[in-house]
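Letter by letter, the chains look like this.
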Amino acid sequence: MSDGTWHPTACILCECNCGIEIRLGGDTGTRFERIRGDKAHPGSQGYTCEKALRLDHYQHQARLTSPLRRREDGTFEEIDWDTAIREIADRFLAVRDTHGGESIFYYGGGGQGNHLGGGYSGATLRALGSRFKANALSQEKTGEFWVNGKMLGGAVRGDVTHAEVAVFVGKNPWQSHGFPRARTTLKEIANDPARAMIVIDPKRSETAELADVHLQVRPGTDAFCLAALVAVLVQEGLVKRGWVDEHTTGAADVERVFATIDVDAYAGRCGVDAELIRAAARRIASASSVAVAEDLGIQMNRHSTLNSWLEKLLWVLTGNFAVPGAQYMPSSLVSLVRKGGGGAKADPVSPVTGSKIISGLVPCNVIPEEILTDHPKRFRAMLVESGNPAHSLADSPRMREALASLELLVVIDVAMTETARLAHYVLPAPTQYEKWEATFFNFEFPHNVFHLRRPVLPAPDGVLPEPEIHARLCEALGAVGDEALAPLRAAAAEGREAFAAAFFAATTTDPALGAMAPVVLYRTLGPTLPDGAAAAALLWGAAHRSAMGQEASVRRAGFTGEGLALGEALFDAILQGHHGVVFTEDEWETVWTRVGTDDGRIRLVIPELMDELATLADEPELTTDEYPFVLSAGERRSFTANTIIRDAGWRKRDAEGALRISPADAARLGVDTGGRVRVVTTRGAAETVVEVYEGMQPGHVSLPNGLGLDEQHVDGVRRVGVAPNELTDALLRDPIAGTPWHKSVPARLEPVG
Ligand SMILES: Nc1nc2c(c(=O)[nH]1)N[C@H]1C(S)=C(S)[C@@H](COP(=O)(O)OP(=O)(O)OC[C@H]3O[C@@H](n4cnc5c(=O)[nH]c(N)nc54)[C@H](O)[C@@H]3O)O[C@H]1N2
Ligand SMILES: Nc1nc2c(c(=O)[nH]1)N[C@H]1C(S)=C(S)[C@@H](COP(=O)(O)OP(=O)(O)OC[C@H]3O[C@@H](n4cnc5c(=O)[nH]c(N)nc54)[C@H](O)[C@@H]3O)O[C@H]1N2
Ligand code: SF4
Ligand SMILES: [Mo]
């Protein structure tokens, strides 16, 4: 029963958000009968990977369809929305009035495909006086954000698509993607004799297979490898002298340190042939352009923040910035990285552990310590939206204990998650194919793309989209009322020009109303938007900010109009652009205008990291007799997608998520593919199926991410595979950013049976 229509939307399983088209069918006409890449999408241009074709398993997994309230005995009862909103507002207010709004903590705000809800949450948090939050970025990217902030005063990306030399550090884009049309680009680089790929990874990953140089480090030792690469540049006179002197500060101090590093000794520590490291450094130095991309292999690992700095020194010292194929600073519609975090000023800190708050985010790893204490400033209540901290953050047993001890836990999700099970209230949202959605993962250059997606299917009764939930909460909290909104509604009825004037006037004279801006826009402008696109109201403000803040780039993308008309034109294009819209077109010179340091130069010295580098050589070995293996807890594979799809049946291969182990270790332990072992760490143990994997080095084992979910079936709850964070330790974390060391968990393997 197909209506024959191809509905344009996007894949929600990784940050690429490839444009796709879905044809509905099946008995009910609601199954995702066929899915294809959308050729009209300006970013992905028809590309998808195999995962997008299985999105029906997301749409049709066990759903929440009514607000739930937990009873004393731990079971849940269905309640109506009015009761839920009123009780939740009252209970949050009780916490605020007793302990202050800062004791109400927020986690999440969006996964790989949905950021609009998080955009509205700001109003709810301001209504509550809440100040602290975290999301997945503060367990992976905040170290890199901090380094970028210190060195460049803003976010940086590498133009992998056009680079002569692409360098991947702890990143396996064949599986994880992370830039548009990743596999196509990787094959293009591999097939072009004039280009080269350098991969730093302990495993011979699918990406490493395509590389010209694979620096197969021992797990957790990247700092030695990266420091040696930088040292070769300095010691062999490969630094791009004139450029570095003109565009950076601190070069002499940095070069002095690297001049003394013993490249052979460092190569020995990371287990890589020193000549291979020298060859890689020389290839980087001789290239016309180099793009470097780092990811979890170093970001969730020892010295993650130090590694981010070393990685950046590689391309800064060789002048690979603001030219095609090198590093750039992207435009944005709504920035996920908060300016200021990591700048010259001291970072704000969390209330109990005093951990650095980077880009506005408390490190995920300290959340339990910020709750499980009698410190007067501890977090007492939490709102979780589109995130699953009980499963996805370090040390799940301790996280469960922390969540269970809260005075109030409210979860907004589509499914009954491990976190929702611990909540006092669970609020059900439509899936991302049943509402207007978008992400702020917009990092492309020179053409940056934003994609507002319209619903493919109607939402079932009983669920409410996140913007509506936040609006109702703000109203129940008494933070927005009809009286203030009435004049804005009247203005919106007249047209957008009248609305703009009224909105800017009202929010300027009444800052309290301005603090509620997302919900104010949703309730006033929202209802006037076509096809029920009220959730897009927030983007109206973003379009105007974009038109004012990066006007030349918006104009180059083809938008015209004077004054507010330019922002209106951009907003209209976003509303009507069902296949995605190019919202800015940059020139490479624009990049220098985005450098946020005081003098416009790249700052090379980060004193904290110079200190950390100085102690590197004294570092003890990672493994011990008790824990002789290094476990990589959570890698990306063909059919993993964080915890977005709960039904294990979506995986065509590797349904259980095997532990990968080298042939040598497997032989020594007497296991083969399909056999089972017990993985034991300092925090837990789990039984798993094994896959003997050629590309693993001895002493290194890996488990996939996102498995071991509680799946709701008619006959009860089932769990397939190992939940990696039953094995991880929240205390194993970076000293600066607090990011976890999931990629190097000391472990041992025991026979089962
Ligand atoms: N299929 C799939 N794709 C995804 C996701 C998904 O769940 N599934 N999730 C998305 C998300 S949220 C993210 S953040 C990205 C993450 O994307 P990636 O970071 O690319 O993914 P991972 O496989 O976790 O880790 C990358 C590599 O790090 C290597 N590694 C392990 N230990 C070390 C080490 O000590 N040093 C070095 N240099 N490398 C090491 C692993 O062998 C692996 O090949 O993927 C995104 N894409
Ligand atoms: N050990 C280990 N742990 C890891 C990792 C690892 O490599 N190793 N990787 C980490 C990384 S990089 C990341 S990004 C995190 C991700 O971890 P989380 O931030 O927890 O995100 P997801 O697993 O993507 O969970 C998204 C949630 O959103 C829900 N959801 C889906 N659609 C909607 C919607 O439209 N509305 C609402 N309200 N909810 C929706 C899903 O049901 C799910 O519960 O996991 C991390 N955890
Ligand atoms: S999972 Fe695959 S199809 Fe989906 S957005 Fe990522 S790369 Fe594109
Ligand atoms: Mo992530």
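About the criteria used
Residues numbered from 1 in each chain as written. Chains lettered and ligands numbered in written order. Predicted model: local features only at pLDDT ≥ 70, side-chain atom pairs only at ≥ 80, totals over all residues. Heavy atoms only, no water. Helix = DSSP H or I, 4+ residues; strand = E, 2+ residues; numbered from the N terminus. Rg over C-alpha atoms; globule rule 2.2 N^0.38 Å. Buried < 20%, exposed > 50% of the residue type's maximum accessible area, 1.4 Å probe, protein only. Areas by Shrake-Rupley, 256 points an atom, 1.4 Å probe, with all protein chains shown as cover. Lys, Arg positive; Asp, Glu negative; His and termini not counted. Charge placed at Lys NZ, Arg CZ, Asp CG, Glu CD. Domains from an automatic or database assignment. Contact = heavy atoms within 4.5 Å. Buried area = accessible area lost by both parts, 1.4 Å probe. Salt bridge = Lys/Arg side-chain N within 4 Å of Asp/Glu carboxyl O. Near = heavy atom within 4 Å. 1 Å grid on protein atoms, 1.4 Å probe; cavity = no way out; pocket = protein on both sides within 12 Å on 5 of 7 lines; lining within 4 Å. Sits in = over half its atoms within 2 Å of the grid points. Nonpolar A, V, L, I, M, F, W, Y, C, P; charged D, E, K, R; others polar. Pairing = 2+ DSSP bridges. Axes fitted to C-alpha atoms, helices over the stretch in contact; angles between N-to-C directions. Parallel < 35°, antiparallel > 145°, perpendicular 65-115°, else oblique. Left-handed = near helix turned anticlockwise from the far one by under 90°. Polar contact = N/O pair within 3.5 Å; in protein donor to acceptor, adjacent residues only side chain to side chain. Core = buried A, V, L, I, M, F, W, Y, C linked by side-chain atoms within 4.5 Å. UniProt positions renumbered as here; feature names shortened; annotations may be inferred.

**Q** Would you mind showing me how to read the overall build of the protein here?
**A** For the protein, the count of helices and strands is 28 helices and 28 strands. A globule of 753 residues ought to have a C-alpha radius of gyration of about 27 Å, and the protein, at 25 Å, matches this closely. If one aligns the C-alpha atoms of the protein with their principal axes, the spans along those axes are about 70 × 65 × 60 Å. Buried positions account for 61% of the 753 residues belonging to the protein. Surface exposure of the protein reaches about 27000 Å², of which carbon and sulfur atoms provide 50%. Computing the positive centroid from 76 side-chain charges and the negative centroid from 98, the protein places the two 1 Å apart.

**Q** How should I be thinking about the domain arrangement of the protein in this particular structure?
**A** Interfaces are frequently sized by the accessible area removed from exposure as the parts join. In terms of domains, the protein is made up of domain 1 (6-59), domain 2 (70-130 + 343-439 + 447-585), domain 3 (142-332 + 600-613) and domain 4 (623-752). Just the C-alpha atoms count here: the centres of domain 1 and domain 4 sit 29 Å apart. Domain 1 puts seven residues into the contact, and the matching count from domain 4 is 11 residues. Both sides together, the interface formed by domain 1 and domain 4 hides about 840 Å², and carbon and sulfur atoms give 64% of it. Its largest share of buried area at the contact with domain 4, domain 1 owes to Leu13, Arg54 and His57, together 58% of the area lost on that side. The interface formed by domain 1 and domain 4 contains zero salt bridges.

**Q** Hey, could you run me through the site of ligand 3 in this one?
**A** Taken together, Cys11, Leu13, Cys14, Cys16, Asn17, Cys18, Thr48, Cys49, Lys51, Ala52 and His177 make up the full set of residues near ligand 3. In a pocket analysis with a 2 Å cut-off to the grid points, ligand 3 is assigned to the second largest cavity. Taken together, the residues that form the shell around ligand 3 break down as seven nonpolar, three polar and one charged.

**Q** Please explain the sheet that holds strand S24 (residues 685-692) as it appears in this structure.
**A** Across a sheet, strands are paired by hydrogen bonds formed along the backbone, either parallel or antiparallel in direction. Around the barrel, which closes on itself, the six strands sit in the order S21-S25-S22-S24-S23-S28 with mixed pairing between neighbours. Direction aside, neighbouring strands of the sheet carry axes that sit 45° apart on average. The pairing of strand S23 (residues 676-680) with strand S28 (residues 745-751) spans four bridges and is classified as antiparallel. Bridge pairing in S28 places Val677 opposite Pro751.

**Q** What exactly am I supposed to notice about the packing of helix H4 (residues 142-152) against helix H14 (residues 304-316) here?
**A** Any two packed helices are characterised by the angle at which their axes cross and by the distance between the axes. Remark: H4 packs on H14, axes separated minimally by 8 Å, with the N-to-C direction vectors making an angle of 45°. By the angle class used here, H4 and H14 are oblique. Crossing geometry of H4 relative to H14 is assigned as right-handed. Across the interface between the two elements, Gly143, Glu144, Trp146, Val147, Asn148, Met151 and Leu152 of H4 pack against Thr305, Ser308, Trp309, Glu311, Lys312, Leu313, Trp315 and Val316 of H14.

**Q** Just checking my understanding: could you explain the site of ligand 2 for this structure?
**A** Neighbouring ligand 2 are 31 residues, the closest being Ser392, Asp413, Glu466, Ala633 and Thr643. At 2.7 Å from an oxygen atom of ligand 2 is found a side-chain nitrogen or oxygen belonging to Asp413. One of the side-chain N or O atoms of Glu466 is found 2.6 Å from a nitrogen atom in ligand 2. Calculation on ligand 2 without its partners gives an accessible area of 920 Å², and the protein chains cover 97% of this total. At the level of secondary structure, the elements contributing two or more residues to the shell around ligand 2 comprise strand S16 (408-413) and strand S21 (629-635). Each residue belonging to the shell around ligand 2 can be placed in one class, and the counts come to 11 nonpolar, 14 polar and six charged. Residue-level mapping places the shell around ligand 2 at the junction of two domains, with at least three residues from each of domain 2 (70-130 + 343-439 + 447-585) and domain 4 (623-752).

**Q** So what exactly am I meant to see when it comes to the sheet that holds strand S1 (residues 6-10) here?
**A** Sheet architecture is open: three strands sit in the order S1-S2-S3, paired in antiparallel fashion. Bordering the open sheet on either side are S1 and strand S3 (31-37), each of which pairs with just one other strand. Here the strands of the sheet are splayed against their neighbours by 35° on average, with no regard to which way each runs. For S1 and strand S2 (residues 19-25), the ladder comprises five bridges, and the chain directions are antiparallel. Bridge pairing in S2 links His7 to Ile22.

**Q** Just to check I follow, could you spell out the pattern of salt bridges for this structure?
**A** Opposite charge on two side chains permits them to pair, given that their charged atoms come into close proximity. Counted by the stated rule, this structure contains 56 salt bridges. Here Glu311 makes a salt bridge to Lys312, at a shortest N to O gap of 3.1 Å. Both residues of the pair, Glu311 and Lys312, count as buried. With a closest N to O distance of 2.7 Å, Asp572 and Arg496 form a salt bridge. With Asp572 in helix H25 (residues 564-576) and Arg496 in helix H20 (residues 496-509), this residue pair connects regions lying 76 residues apart in the sequence. Salt bridges here are not isolated pairs; linked through shared partners, they connect Lys203, Glu635, Arg637, Asp654, Arg660 and Glu691.

**Q** Whenever I open this one, the nonpolar core confuses me. Can you help?
**A** Across soluble globular proteins, you tend to see nonpolar side chains buried next to one another. Counting residues in hydrophobic clusters, the biggest one holds 96 residues, and the most contacted among them are Leu13, Leu55, Phe92, Tyr433, Phe450, Leu452 and Leu539. Per element, the largest residue contribution to this core is eight residues, and it comes from helix H2 (residues 81-99). Apart from residues no more than four positions distant in its own chain, Leu55 is found in contact with Cys11, Ile12, Leu13, Ile20, Phe32, Ile35 and Tyr433. Judged by nonpolar contacts, the second largest core, of 77 residues, contains Leu137, Phe145, Val217 and Phe258.

**Q** Would you mind going over the packing of helix H8 (residues 222-235) against H14 with me for this structure?
**A** One can describe the packing of H8 onto H14 by two numbers: an axis separation of 9 Å at closest approach and a directional angle of 25°. Accordingly, the angle class assigned to the pair H8 and H14 is roughly parallel. You can see that H8 and H14 cross each other, and the crossing is left-handed. Between H8 and H14, the residues in contact are Asp222, Ala223, Leu226, Ala227, Leu229, Val230 and Leu233 and Leu306, Asn307, Leu310, Glu311, Leu313 and Leu314, respectively.

**Q** Where do I start with the UniProt feature "domain: 4Fe-4S Mo/W bis-MGD-type" (unreviewed entry) in the protein in this structure?
**A** Residues annotated by UniProt as "domain: 4Fe-4S Mo/W bis-MGD-type" (unreviewed entry) correspond here to residues 4-63. Between the end C-alpha atoms of residues 4-63 there is a gap of 26 Å, over a span that is 7% helix and 32% strand.

**Q** How should the side chain of Asn365 be read in this particular structure?
**A** Along the polypeptide, Asn365 turns up in the loop between strand S14 (327-328) and helix H15 (367-371). Relative accessible area serves as the criterion here: at 2%, Asn365 is assigned to the buried category. A polar atom in the side chain of Asn365 sits 2.9 Å from the backbone oxygen of Ala730. Setting aside residues no more than four positions away along its own chain, Asn365 makes contact with Ala394, Asp729, Ala730, Leu732, Arg733, Gly738 and Pro740.

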